[in-house]
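# Structural characterization, general
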Amino acid sequence: MAKLAQLIDNDVFRAYATYTTIVLLKMMLMSLITAYFRVTRKAFANPEDTASFGKGESAKKYLRTDPDVERVRRGHQNDLENIVPFLGIGLLYALSGPELSTALLHFRIFVGARIAHTFAYLIPLPQPGRGLSWAVAYAVTISMAYKVLKTALYL
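Notes on the structure follow. (Residues numbered from 1 in each chain as written. Predicted model: local features only at pLDDT ≥ 70, side-chain atom pairs only at ≥ 80, totals over all residues. Heavy atoms only, no water.)

## A few points about the overall build of the protein chain
Helix and strand counts for the protein chain stand at six helices and zero strands. When the helices and strands of the protein chain are placed in sequence order, the string is α-α-α-α-α-α. Relative to a compact globule of 155 residues, whose C-alpha radius of gyration would be 15 Å, the protein chain shows 20 Å and is clearly more extended. Counting only C-alpha atoms, the protein chain reaches 60 × 40 × 30 Å along its principal axes. Across the 155 residues that make up the protein chain, the buried fraction comes to 35%. (Helix = DSSP H or I, 4+ residues; strand = E, 2+ residues; numbered from the N terminus. Rg over C-alpha atoms; globule rule 2.2 N^0.38 Å. Buried < 20%, exposed > 50% of the residue type's maximum accessible area, 1.4 Å probe, protein only.)

In structure tokens, the structure reads:
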């Protein structure tokens, strides 16, 4: 088993840690954007969130859905569905001994595609921009998974 100090000295692992941190911060930002849209659109999901707008019936009108809030939430959900697999597969990939240049290409393309996907979702940009950015990031994850299986296939 590799010691933590050995991992930190590994350039591929450091690249993985860097790009994983970037994409996780981007995903965390989606929570803040959701909160911003909830407050500015006055569209809340829980009764206690409406307390600053009054009590009883006057506050109930703020318990509603809003198309802008839902759009941000769908973008965040898509992040969860795609970034979480990248974290696991990317870690296995980083530990499988790829060339640094190839690993950087995978990590940079994934992060760039996910950032583009977020902009395409939030602005919103016309299709196929969002679909292409999703497909590119998904293909990167599949490519890394293939490399892991090819390198360490142990069935």
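## A closer look at the nonpolar core
Counting residues in hydrophobic clusters, the biggest one holds 21 residues, and the most contacted among them are Val-23, Phe-86, Tyr-93, Phe-107, Phe-110 and Met-144. Secondary structure elements with two or more residues in this core: helix H2 (11-41), helix H4 (67-95), helix H5 (100-122) and helix H6 (129-152). Here this core takes seven residues from H2, the largest share from any one element. Apart from the residues within four sequence positions on either side, Phe-86 is in contact with Tyr-16, Thr-20, Val-23, Leu-91, Phe-107, Phe-110, Thr-141 and Met-144. Ranked by size, the runner-up nonpolar core spans six residues in total, among them Ile-33, Ala-43, Val-69 and Val-72. (Core = buried A, V, L, I, M, F, W, Y, C linked by side-chain atoms within 4.5 Å. Contact = heavy atoms within 4.5 Å.)

## A word on H5
Think of an α-helix as turning once every 3.6 residues; residues three or four places apart then point the same way. Between its terminal C-alpha atoms H5 stretches 33 Å, which fits the 33 Å expected from 23 residues at 1.5 Å a residue. Listed in full, the buried residues belonging to H5 are Ala-103, Leu-104, His-106, Phe-107, Phe-110, Val-111, Ala-113, Arg-114, His-117, Thr-118, Ala-120 and Tyr-121. Of the surrounding secondary structure, the elements contacted by the buried residues of H5 are H2, H4 and H6. (Expected span 1.5 Å × (residues − 1).)

## A short note on a nonpolar patch on the surface
Taken together, the side chains of Ile-22, Ile-115, Phe-119, Ile-123 and Leu-125 define a hydrophobic patch exposed on the protein surface, amounting to about 440 Å² of accessible area. Looking at the element boundaries, Leu-125 is found in the loop between H5 and H6. (Patch = residues over 30% accessible without salt bridge, like charges linked within 9 Å, V, L, I, M, F, W, Y side chains within 5 Å. Areas by Shrake-Rupley, 256 points an atom, 1.4 Å probe, with all protein chains shown as cover. Salt bridge = Lys/Arg side-chain N within 4 Å of Asp/Glu carboxyl O.)

## Details of the environment of Lys-147
Tracing the backbone shows Lys-147 in helix H6. Residue Lys-147 is classed as partly exposed on the basis of its relative accessible area of 26%. Counting along the chain gives 49 residues from Lys-147 to Pro-98, while the straight-line C-alpha distance between them is 8.4 Å. Setting aside chain neighbours within four positions, we find Lys-147 in contact with Tyr-93, Ser-96 and Pro-98.

## Description of the side chain of His-106
Here His-106 is to be found in helix H5. Residue His-106 is classed as buried on the basis of its relative accessible area, which comes to 12%. Engagement of the side chain of His-106 in a polar contact is seen with the side chain of Tyr-93, the distance being 3.2 Å. Within polar-contact distance, the side chain of His-106 engages the backbone oxygen of Thr-102 at 2.9 Å. Discounting residues that sit within four places of it in the chain, His-106 has contacts with Tyr-93, Val-140, Ser-143 and Met-144. (Polar contact = N/O pair within 3.5 Å; in protein donor to acceptor, adjacent residues only side chain to side chain.)

## A look at the packing of H2 against H4
When two helices pack together, you describe them by how their axes are tilted relative to each other and by the distance separating the axes. Two elements in contact, H2 and H4, have axes whose closest approach is 10 Å; the angle formed by their N-to-C orientations is 165 degrees. With respect to H4, the element H2 is oriented roughly antiparallel. Note that H2 runs across H4; the crossing there is left-handed. Taken together, the residues of the contact of H2 with H4 sort by class into 18 nonpolar, six polar and six charged. (Axes fitted to C-alpha atoms, helices over the stretch in contact; angles between N-to-C directions. Parallel < 35°, antiparallel > 145°, perpendicular 65-115°, else oblique. Left-handed = near helix turned anticlockwise from the far one by under 90°. Nonpolar A, V, L, I, M, F, W, Y, C, P; charged D, E, K, R; others polar.)

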